[in-house]
Number of protein chains: 2
Amino acid sequence: MLYEVLDVLSLTKHPYFAAHDAESFNMVLDTADSIAEKTMRPFYKENDRLQPELINGQVTVHPALHDYYRSFCQSGLLAAPFDEKYGGQQLPKTVYAAANFIVGNAHNGFEMFTNLASGAARLLISFASDELIEKYVTKLLSGQWTATMSITETQAGSSLSDITTMASPQADGSDTPGSYRIKGQKIFISAGDHDITENIVHLVLARIENAPKGIKGVSLFVVPKNRFHSSPPLVRLRGANDVGSIAIYHKMGQRSTPAMHLEFGSNNDCIGYLIGQAGKGLAYMFQMMNNARLGVGLAGTYIATAAYYASLQYAKERPQGRRLNNKNAEEPQTTIIHHADVRRMLFLQKAIVEGSLAFLLQCYKYTDLEKISGGNDKQRYNDLLELLTPVAKTYGAEMGIVSVNNGLQVLGGYGYTDDFILEQLARDVRIMSLYEGTTGIQSLALLGRQVPMNNVRALQYFKDEVNKVIEQARQFNNLQSYSGWLLHELLELDITTTHLLNIAVKGNTEVFLSDATLYMELFGLVCVAWQWLKQAATVQKILEKSNTSKDDELFYQSKIETMQFFFHYELRKTKALHERLKDEKVLTVMKENEVLM
Amino acid sequence: MLYEVLDVLSLTKHPYFAAHDAESFNMVLDTADSIAEKTMRPFYKENDRLQPELINGQVTVHPALHDYYRSFCQSGLLAAPFDEKYGGQQLPKTVYAAANFIVGNAHNGFEMFTNLASGAARLLISFASDELIEKYVTKLLSGQWTATMSITETQAGSSLSDITTMASPQADGSDTPGSYRIKGQKIFISAGDHDITENIVHLVLARIENAPKGIKGVSLFVVPKNRFHSSPPLVRLRGANDVGSIAIYHKMGQRSTPAMHLEFGSNNDCIGYLIGQAGKGLAYMFQMMNNARLGVGLAGTYIATAAYYASLQYAKERPQGRRLNNKNAEEPQTTIIHHADVRRMLFLQKAIVEGSLAFLLQCYKYTDLEKISGGNDKQRYNDLLELLTPVAKTYGAEMGIVSVNNGLQVLGGYGYTDDFILEQLARDVRIMSLYEGTTGIQSLALLGRQVPMNNVRALQYFKDEVNKVIEQARQFNNLQSYSGWLLHELLELDITTTHLLNIAVKGNTEVFLSDATLYMELFGLVCVAWQWLKQAATVQKILEKSNTSKDDELFYQSKIETMQFFFHYELRKTKALHERLKDEKVLTVMKENEVLM
C-alpha cells in the first residue's frame, strides 16, 4: 500500500522529505512493530481487567502503558513527523500513520496517549506564542509530558458553543502575561490523568469573562496539571495547578485508557495561558480535532484489522461440518474457511479494513502533499482533506464496528467469550462512532459545510481524483466494467448531491440535512470503491508487467478478488441510499405532535 | 397488538382456549409486569457485576434469580400454556410470549431459566414414555427442577452430526429399563449449573454405542443432575449423578446466565434415560430448538425494546444544541429529540422493535392456531411456522443488535459508559445471532430446506398471508401506495427465489446457498414490512370507524408514521439484495487457491 499503491517514495523528491528513503521508512515500521510486539500485544487482554484506578485523587495505570510510552518516545517515533527544528525527522505523515496502524493493531488502548501529545504539540506550534512553544513543545515531543483535549462539558458535548468553563484574566502579580484563572469541569477527558509522566498539558476550551455567547466567545488555554519554574533547559515542577480528578468513567471497552471527569480550579488556583487570540479557541482546536478524527478512523480500522486476522486464523484452524456439496458424515470435518458464508464474512472484513486503510492513508498523503505544495495545489489538497476527513473518520468507525462484529460471528459462540480477543475488540471499537464528533455530527459537517462550501469546489477536486483512477483502471480488460461502474456511481452521487443542494437553496436546513447520515454512508461507499479500484489498477499493472513470484501473485490476486467483493456486495448499497435521499417524503423532522412513543 | 392487530380473543372461541377472556389475559400480563418490576429490573445492572460463581464444583447465582424463579413458577405462569392435565391453564402461546416479552424487557438474564424448564417439559410430553413424563414433567412445571439443552460439544457446534458423547446400555442391575451410562463433555450449556433448585434435568444428545455415524446415530437422553427415589408423589433425592461443572464461560454479556462447561460420567457413574426411539434425538431436540429459536428472536427484540425506551427517554430529557433552522446561541438548548438525525435513530429502533415483535407474535399465533386446527389448516400453520421461525429468530437477533447500537448512539459518549444501561444491553444482545444456530445456519435452513420443501408449499402459504394484508390495506386511501409497494416486493421475492431455485436444480448446492444469509435478510425485510402494513391497516380502520381520544389518536398516528419510516428507509434495502442474489458472479465459494490472507 505504501510503496506500490501510494508511491510514498515520490514524496522524498521534495526537499522537505529528502532525508528519507525506503530504508528509513522501513526502519520506522520495524520500530513500530518491535514496540507493538514487546510492550503492547502481550498486555492487551490483561489491560481489560487491570484497569486504571483513581486513588487519593491520583490515577495509576498499568505498567505496560508506562513501557509503551517510554519506548515510543525514546525511539524517536513521537517526534518523527515534526520539523527538524523541533527535534523531528520530517517523516511523512503517511508513514507515521502506518506506524500508528501497526501499534494500534496490537493494542488499541495505548496509542491515544502518544497521539494526544503529538496533536497538542502541533497545535501549539501552529497557534501559540513562541514563549508557550518553547515551554511546552519539547517536553511533549520528548515524551516527558503528555497532553489532553479538554473540550466536553456536561451540557456541552456535540454543542461546543455552550461551553461554560470560565477564564478570568489574572490581576497584578500574575506570573506570566496572558495568564488566566480557569474554573470549570470537563468530562470524558481521555488520558486526563495517569502516573506515566510528571506533568500533563491540558488544552482547555473556556470562555473569558464577558465574552460573547456562542462560538465566538470560546478561547483555548494551555493548563498544566503541575506548575513549573520555566528556566530552560531546566524545568522544575513547583506544585499542583488545582486540576482535580473527580472520577474515571466506567466504559464498555478501551478500558486501559482512563476517560476522566476533571475539575479545574475548585480552589480558585488553576492557572491557564491563552493560546493565540481570544475567541478563536474552536478554530484552533479543530486543527487537532481533524487530526484526531483521522486517528479515530484509523483506530476503527486497526481494531477491525486485528479482528479480521484473528477470525481468519480461527477459520483456517477450526474444523466444523462438511462442504455443502459433500454431506458424507464418514468424512472428516472441513475447516470453516471452506464454507461460503464464513468466506463471505472474511471477505467483507478484508474489503472493509483494507479499503478503509487505503482511504485513510490517501488522506494522510494529502496532508503530506499539502505540506510541500504551494498555491493552488496547496489549497486543493487542503480542500480534499477537509472534505474527506469526516468521511474517512466515519467509514473507519462505523464500518470498523460492522467488521469486528463479523469477525466475532465467524467464531460462533467462542467469539462471545473471553477465550478469544474478539469480544474485547467488539467492545473497544464501539466507541469510534462517538469519539471526536458522533457520526451524526460528522455527517452534518460533510453535507452541511464541506460539500457546499466554495461552490462545491472540494467535491469537484474529489471527482477529479476519482476520475483519474477510473481512467487508470479502464486500461485493463478485467477492470473495465468496474471502472464503468464507479463512473456511474460518481454520476449518481452528483445527481443526488444536486438534488440535496436544491433543497438547501430553498432555505429549509432541517429538511436538507435530515438524512445527512445516509449521505455520509453513500459518500463513504464511493470513497472506498475508489480506493479499491486504485488498488486493483496498481496490482493489475504489476501483474502484467513483471515476473511475480507465486506467493506475490496470490497476494495480488487476493486484492483483485476483494475489490470485486466490495463492488458486488457493498457498493450496491448505494441504490437504496440514493432512492431515499431523493425521496420527497420527510419523516424525521419534528412536526407539531410528538409521535415517538 | 394482542387485541387489535392479532385479535387473540378470537382464539377463545375454540373449546381448548375457552376458559380465557380479556380479563384472564390481562391478569397474565399484569402478573408478568409485577414480577418484572419486583424481582428483575432493580437487579439488572447489579447482576452484570455480581456474576455466578463456581466454587467447589457448585455454581451459585444471585439471590434475585432465586426470587424471580420462585415468583414466576408460583404465579402459575410457567405452567400456564400447558394442558390442564399437567396443571396448566391452556393459555395461548401468543399471550404467554407477550408475558415473556414483559419480563425479558426488564432483565434479559433470567428468562432463559424458565424457558428451558418449559421447553424441556414440552419435549418430554411430546416424545418421552409415560413413565418419564410422570417422573419429570410435574417437577419441571411446578418450578421444583430446572432443565438444560445439552447439545454442543467442543467439536460439534453447528455440525451436530459430529456429536461424540457416548451412551452405553446398562448391564443387569440397572435401576430402570432404558437406562444408559453417559460419558462426554458438553460446552456452552446455559443454566447448566446453579443453586436455585434441588435438581437440574439435562436433555443430552449422545450416541449409543455402535450407532451409525452422522445424524441417524444421535439419540436424546434425560440426565438428572441428582438421582432420586421415584415413588410419587414423594420424590426424594438420593445423591449425585456424576455430572460435573468444569467451568463457567466468561462472556461479553448476559452474565447472570451461567454458560457451563459440563462433564457427564467422569467417574463412569452418570445414568441417563433414552427419550423415545434411538436415533431420533435431533428430531426431538428440534421441537425444543424451534421454540427456543422464537425465544431468541423475542430476546433480541425485548432487549432492543429496553434500549429503545431508554434512549427515547434520554432524548426527551437531554438538552443539546439548537434546531438547524435556528442557530441562535442566545436561545436555550433544545432537547435532542428535536434533531432529525436523533429522530431517525429513534424511528429506526421503533420500526425494528415493534415490527419484530408483531412478526414474532404472529408466529406464536400460528402455534396456537396449529394447536386448535385440523387437516389442511393444521398443516398450513405448521408449514408457516417452519418457514418463518428461522426468519423471526434472525430478524429479532440481527436487527435487535442494530437497534440497540442505535440506542447507544443516541446517548453519545454517555451510551458507552455504565452510567446508563445501553452499553450492557449492547453486550447482552450480541449473543442472539449465535444462540440456537447462528445466522448462517438459520439462513441455510431457510433457503436450503424450508423454502424448497414440498415444492415451495410453505412459501405459497406465506404469500397468501401477505396478500391478505395487502388487500386489507388497499381499502384505505393513505395506505394504497404502501400496499402496492409490498405487492411489488412480494413479486420481486418470487423472481429472486425462482432464480435461486434454478441454480439448486442444476445441482451446485454450494453456489445455490452461498448468499443464503443475504436471502435471509431480504426475507426478513419483507416479513416485517408485511407486519407493519398489517398494523397500519388495523390502526387506520380504528381511526376511521370510532371516536378515539386525542391520546389514542396520537398512538395510532405513531404506528402509521413508523410504518412509513420502515418502508421509506428500511424496505428499500431489498434492492441491493435482489441485485446481488441474481448476480451470476460467484465470489465466496472456495476455489483452487486460497486468496483470503
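Quantities reported herein were computed from a predicted structural model and do not represent experimental measurements.

Student: Help me understand the overall build of chain A in this model?
Tutor: Check the secondary structure of chain A and you find 17 helices and twelve strands. For 597 residues, the compact-globule estimate of 2.2 N^0.38 gives 25 Å, and chain A sits close to it at 25 Å. Counting only C-alpha atoms and orienting by the principal axes, one finds that chain A spans roughly 85 × 60 × 60 Å. Counting all 597 residues of chain A, 63% fall into the buried class. Of the contacts made within chain A by residues no fewer than 6 positions apart, 74% connect residues no fewer than 24 positions apart. Summing over all exposed atoms, chain A offers an accessible surface of approximately 21,500 Å²; the carbon and sulfur share of this is 51%.

Student: Any chance you could explain the nonpolar core here in plain terms?
Tutor: Residues A:L203, A:F462, A:F523, B:L203, B:F462 and B:F523 are the most contacted members of the largest nonpolar core, which totals 416 residues. Here B:L203 is in contact with B:A120, B:L123, B:L124, B:T148, B:M149, B:S150, B:L220, B:F221, B:V222, B:I275, B:M285 and B:M288, once residues within four sequence places are set aside.

Student: It is not clear to me how the relation of the copies chain A and chain B should be interpreted in this structure. Could you clarify?
Tutor: Two copies of one chain are present, and they are related through a rotation about an axis combined with an axial shift. Relative to chain B, chain A is turned by 180 degrees and slid 0.0 Å along the rotation axis, the superposed coordinates differing by an RMSD of 0.0 Å. These values place the two chain copies in the arrangement generated by a two-fold rotation axis. A share of 100% of the interface residues of chain A reappears at the interface of chain B, consistent with the copies meeting face to face through the same patch.

Student: Mind showing me how you'd approach the interface of chain A and chain B here?
Tutor: How large an interface is tends to be reported as the accessible area lost when its parts come together. Taken together, the contact pairs 102 residues of chain A with 102 residues of chain B. Note on chain A versus chain B: buried area summed over both sides is about 9,200 Å², and carbon and sulfur give 56% of it. In terms of surface lost to chain B, no three residues of chain A exceed A:Y416, A:L596 and A:M597, which account for 10% of the buried area on that side. Joining chain A to chain B, the criterion identifies 14 salt bridges. Note that B:E579 is salt-bridged to A:K575, the shortest N-O span being 2.6 Å. Here chain A is connected to chain B by 64 residue pairs in polar contact (both at pLDDT 80 or more). Take the side of chain A that touches chain B: its biggest share by element is nine residues, from helix α16 (residues 550-570) of chain A. Looking at the side of chain A that touches chain B, its residues break down into 35 nonpolar, 35 polar and 32 charged.

Student: Where do I start with the pattern of salt bridges in this structure?
Tutor: Once the charged atoms of two side chains with opposite charge are near each other, the side chains can pair. Under the counting rule described, the total for this entry stands at 62 salt bridges over all chains. One salt bridge connects A:D583 with B:R572, and the closest N-O pair in it is separated by 2.9 Å. Linking A:D583 in the segment after α17 (574-582) with B:R572 in the loop between α16 (550-570) and α17 (574-581), this pair reaches from one chain into another. In this structure A:D583 comes out as buried when scored by relative accessible area, which is 17%.

Student: What should I look at first to understand the side chain of B:E423 in this one?
Tutor: Positionally, B:E423 belongs in helix α10 (residues 422-429). In contact with B:E423, other than residues within four places in its own chain, are A:M252, B:L408, B:G415, B:Y416, B:T417 and B:D418.

Student: Got a minute to help me understand the packing of helix α9 (residues 375-410) of chain B against helix α15 (residues 516-545) of chain B in this structure?
Tutor: A pair of packed helices can be characterised by two numbers: the angle between their axes and the separation between those axes. All names here are of chain B. Between α9 and α15, the shortest axis-to-axis distance is 9 Å and the interhelical angle comes to 90 degrees. Comparing their axes, α15 and α9 come out roughly perpendicular. Between α9, through L387, L388, P390, V391, T394 and Y395, and α15, the contact on the second element is made entirely by M520, F523, G524, C527, V528 and W530. Among the residues making up the contact of α9 with α15, the classes are represented as ten nonpolar, two polar and no charged.

Student: Looking at this structure, how should I read unusual backbone geometry?
Tutor: Of all residues except glycine, most have a negative phi; of all peptide bonds, most are trans. All names here are of chain A. Positive phi, normally seen in glycine, also occurs at F188, with a value near 55 degrees. Summarising the element assignment, F188 is placed in strand β5 (residues 179-190). Judged by its relative accessible area of 23%, F188 falls in the partly exposed class. The residue V456 is not glycine, and still its phi comes out positive at about 50 degrees. With respect to the helices, strands and loops of the structure, V456 is situated in helix α12 (residues 453-474). A relative accessible area of 25% means that V456 is categorised as partly exposed.

Student: In this structure, what is going on with the packing of aromatic side chains? I would like to understand it.
Tutor: Two numbers describe a pair of aromatic rings. These are the distance of the centres and the angle of the planes. Under the defined criterion, the tally for this structure stands at 50 aromatic pairs over all chains. Between A:Y308 and A:Y309, the ring centres sit 5.1 Å apart and the planes meet at 50 degrees, which makes this aromatic pair tilted. By relative accessible area, A:Y308 is classed as buried at 0%. Look at B:Y68 and B:F72: their rings are 5.5 Å apart centre to centre, the planes differ by 45 degrees, and that puts the pair in the tilted class. Of the two residues, B:Y68 and B:F72 are both situated in helix α3 (residues 63-74); the distance of four residues between them amounts to about one turn of the helix. For the pair formed by B:Y68 and B:F72, the shared burial category is buried. Three or more aromatic residues joined by ring pairs form one cluster here, namely A:F188, A:Y249, B:Y314, B:Y414 and B:F420. The ring of A:Y381 is capped by A:R380, whose NZ or CZ atom sits 4.8 Å from the centre of that ring.

Student: Is there a simple way to think about the confidence of the model for chain A in this case?
Tutor: Reading predicted coordinates in detail is not appropriate for stretches of low pLDDT. Looking at chain A as a whole, the pLDDT averages 96, with 98% of positions reaching at least 70. Both scores are available for the predicted complex, with the pTM at 0.97 and the ipTM at 0.97.

Student: Would you explain the pairing of strand β7 (residues 218-224) of chain B in this entry?
Tutor: For a regular strand, side-chain orientation follows a simple rule: the groups alternate between the two sheet faces. Residues and elements named next belong to chain B. Among the seven residues of β7, seven are classified as buried, and the element is accordingly described as predominantly covered. Strand direction decides the pairing type here: strand β6 (residues 199-208) and β7, joined by seven bridges, are antiparallel. In the sheet register, R207 faces β7, and the bridge partner there is V218. Two strands pair when backbone bridges link them, and β7 and strand β12 (residues 271-274) are joined in this way by two bridges, in the antiparallel orientation. Considered in β12, the bridge of F221 is made with L274.

Student: Just to check I follow, could you spell out the pairing of strand β4 (residues 166-169) of chain A for this structure?
Tutor: Residue and element names in this part refer to chain A. Summarising the sheet, β4 and β5 pair through four bridges and their orientation is antiparallel. When the sheet's bridge partners are listed, A167 is paired in β5 with I182. Bridging between β4 and strand β6 (residues 199-208) involves two bridges; their strand directions are parallel. Following the sheet pairing, A167 is matched in β6 by I208.

Student: Help me understand the packing of helix α8 (residues 340-372) of chain B against α15(B) in this model?
Tutor: Residues and elements named next belong to chain B. Their axes nearest at 9 Å, the elements α8 and α15 cross at an angle of 90 degrees. One finds that α8 runs roughly perpendicular with respect to α15. Residues K350, A351, E354, G355, S356, A358, F359, Q362 and Y366 of α8 form the contact with α15, whose participating residues are C527, V528, W530, Q531, W532, K534 and Q535. Looking at side-chain class alone, the contact of α8 with α15 contains eight nonpolar, five polar and three charged residues.

Student: Would you mind going over the state of the cysteines with me for this structure?
Tutor: Summed over all chains, the structure comprises zero disulfides over all chains. Counting only cysteine sulfurs, B:C363 is the nearest neighbor of B:C527, a cysteine outside any disulfide, at a range of 7.7 Å.

Student: Please clarify how the environment of B:K550 should be interpreted in this entry.
Tutor: Residues and elements named next belong to chain B. Considering the arrangement of structural elements, one finds K550 in helix α16. K550 sits in the exposed class, given a relative accessible area of 58%. Between the C-alpha atom of K550 and that of L6, which follows or precedes it by 544 residues, the distance is 23 Å.

Student: Sorry if this is basic, but what is going on with the environment of B:F512 here?
Tutor: Residues and elements named next belong to chain B. Mapped onto the elements of the fold, F512 is located in helix α14 (residues 509-513). Expressed as a C-alpha distance, the spacing of F512 and L447, which sit 65 residues apart in the sequence, is 8.8 Å. The residues touching F512, leaving out its near neighbours within four places in the chain, are L447, G448, L500, L501, I503 and A504.

Parameters and conventions
- Residues numbered from 1 in each chain as written.
- Chains lettered and ligands numbered in written order.
- Predicted model: local features only at pLDDT ≥ 70, side-chain atom pairs only at ≥ 80, totals over all residues.
- Heavy atoms only, no water.
- Helix = DSSP H or I, 4+ residues; strand = E, 2+ residues; numbered from the N terminus.
- Rg over C-alpha atoms; globule rule 2.2 N^0.38 Å.
- Buried < 20%, exposed > 50% of the residue type's maximum accessible area, 1.4 Å probe, protein only.
- Contact = heavy atoms within 4.5 Å.
- Areas by Shrake-Rupley, 256 points an atom, 1.4 Å probe, with all protein chains shown as cover.
- Core = buried A, V, L, I, M, F, W, Y, C linked by side-chain atoms within 4.5 Å.
- Least-squares fit on C-alpha atoms with pLDDT ≥ 70 in both.
- Buried area = accessible area lost by both parts, 1.4 Å probe.
- Salt bridge = Lys/Arg side-chain N within 4 Å of Asp/Glu carboxyl O.
- Polar contact = N/O pair within 3.5 Å; in protein donor to acceptor, adjacent residues only side chain to side chain.
- Nonpolar A, V, L, I, M, F, W, Y, C, P; charged D, E, K, R; others polar.
- Axes fitted to C-alpha atoms, helices over the stretch in contact; angles between N-to-C directions.
- Parallel < 35°, antiparallel > 145°, perpendicular 65-115°, else oblique.
- Phe/Tyr/Trp six-rings, centres within 6.5 Å; stacked < 30°, edge-to-face > 60°.
- Lys NZ or Arg CZ within 6 Å of the ring centre and 35° of its normal.
- pLDDT = per-residue confidence, 0-100.
- Pairing = 2+ DSSP bridges.
- Disulfide = S-S within 2.5 Å.

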